[in-house]
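Examination of the molecular architecture
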Amino acid sequence: MKKTVLLIDDHEAVRELLCRYLERFPEYEVVGQTGSGLAATALFRKTSPHLVIVDLVLPELCGHEVILRIRKELPETRIVVFTGVSDASVLANALRCEPDGLVHKSEPLELLLTALRTVSAGGRFFSPKLNQYINHFEFGAAQALSAREIEVMQSIAEGKCNKEIGRLLGVATKTVDNHRARLMQKLGVHNAASLTLVAVQMGIVSASSVPGGSI
């Protein structure tokens, strides 16, 4: 039986490349694709895929939140992170979300195929470039961000107000206020503009997703 695959990546060219690549292998069938974290939640509920390939940097909802939602609603679905992020904090939080596989975009596509086959068989696969993060969680204070703080940081960088962020993440506005304050303290910044700059530098958001297109 074919393994159904859902692709979640904010770059259309990457999704097209993966679609064409997976078409070469009869055991896989791509049943959906999207570039938005928020749209991904509706799509995985609709398609209930066997496998999900997801990036960590996504508009509206970051990959961490998408993984957590899939884990909660579709516990049998296997998840492979396919990302170009190299920031230690972002990768550490991705690992804490317990994906089944993790592959860096700078590595050959054959490694992604290996990851898909490994996780489909019930195993876990972490590519050589990212394997160093599995056993080494020695991060400085500026990197010690929780998955929720990264989600809030992304939304702030995308120009959302605290009320909007609360609705998006399903938490109270006061909770968002607290996360924002802790973020400022941990990162040593004092305003949203500085926080946005750090978010871009860490790879949590792309510069193009920042209001105005640049910082």
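Above this text is the structure in question.
Residues numbered from 1 in each chain as written. Predicted model: local features only at pLDDT ≥ 70, side-chain atom pairs only at ≥ 80, totals over all residues. Heavy atoms only, no water.

Assigned secondary structure in the protein chain consists of 10 helices and 6 strands. The C-alpha radius of gyration of the protein chain comes to 17 Å, within 12% of the 17 Å expected for a compact globule of 215 residues. Dimensions of the protein chain, computed from C-alpha atoms along their principal axes, come out at roughly 55 × 35 × 30 Å. Of all 215 residues assigned to the protein chain, the portion counted as buried reaches 50%. A total of about 9,800 Å² of accessible surface is found on the protein chain, and carbon and sulfur atoms cover 53% of it. For the protein chain, the distance from the average position of its 24 positive side-chain charges to the average position of its 23 negative side-chain charges is 4 Å. (Helix = DSSP H or I, 4+ residues; strand = E, 2+ residues; numbered from the N terminus. Rg over C-alpha atoms; globule rule 2.2 N^0.38 Å. Buried < 20%, exposed > 50% of the residue type's maximum accessible area, 1.4 Å probe, protein only. Areas by Shrake-Rupley, 256 points an atom, 1.4 Å probe, with all protein chains shown as cover. Lys, Arg positive; Asp, Glu negative; His and termini not counted. Charge placed at Lys NZ, Arg CZ, Asp CG, Glu CD.)

Further remarks concern the nonpolar core. By size, the foremost hydrophobic cluster in this structure holds 47 residues, and its most contacted members are I8, V54, V66, M153, L187, L195 and I204. Among the elements that make up this core, the one with the highest residue count is helix 7 (residues 147-157) (5 residues). Ignoring any residue separated from it by four or fewer positions in sequence, one finds I204 in contact with V57, V90, I150, M153, Q154 and A199. Membership of the second largest hydrophobic core comes to 21 residues, among which are Y21, Y28, L112 and L113. (Core = buried A, V, L, I, M, F, W, Y, C linked by side-chain atoms within 4.5 Å. Contact = heavy atoms within 4.5 Å.)

The strand order across the open sheet formed by 6 strands is 2-1-3-4-5-6, and the pairing between neighbours is parallel. Edge positions in the open sheet fall to strand 2 (28-34) and strand 6 (125-126), since each of these has one partner strand only. As defined by bridge partners, strand 4 (residues 78-83) adjoins strand 5 (residues 101-104) across 4 bridges and the pair is classed as parallel. Bridge pairing in strand 5 places V80 opposite G101. (Pairing = 2+ DSSP bridges.)

The next point concerns helix 5 (residues 109-120). The end-to-end C-alpha distance of helix 5, which contains 12 residues, comes to 17 Å, matching closely the 16 Å that a straight helix rising 1.5 Å per residue would cover. Turning to helix 5, its buried residues number three or more, namely L109, L112, L113, A115, L116 and V119. Relative to the axis of helix 5, the buried residues are bounded by an arc of 155 degrees and lie together on one face. Count one or two residues on from helix 5 and you reach G122, which has phi positive near 95 degrees. (Expected span 1.5 Å × (residues − 1). Arc of directions from axis to C-beta.)

Across all of its chains, the model carries 12 salt bridges by this definition. The residue R117 makes a salt bridge to E27 at a minimum N-O spacing of 2.9 Å. Here R117, found in helix 5, pairs with E27, found in the loop between helix 1 (12-22) and strand 2; they are 90 residues apart in sequence, far enough to count as distant. On the accessibility criterion, E27 (27% relative accessible area) is partly exposed. The salt bridge partner of E65 is R69, with a shortest N-O separation of 2.8 Å. With E65 and R69 both in helix 3 (residues 63-73) and 4 residues apart, this pair spans about one turn of that helix. Per residue, the accessibility class of E65 equals that of R69, and both read buried. Several salt bridges converge on common partners, so that one network encompasses E65, R69, R148 and E151. (Salt bridge = Lys/Arg side-chain N within 4 Å of Asp/Glu carboxyl O.)

Once that is clear, we can look at the state of the cysteines. Summed over all chains, the structure comprises 0 disulfides. For C97, which is in no disulfide, the shortest distance to another cysteine sulfur is to C62 and amounts to 7.7 Å. (Disulfide = S-S within 2.5 Å.)

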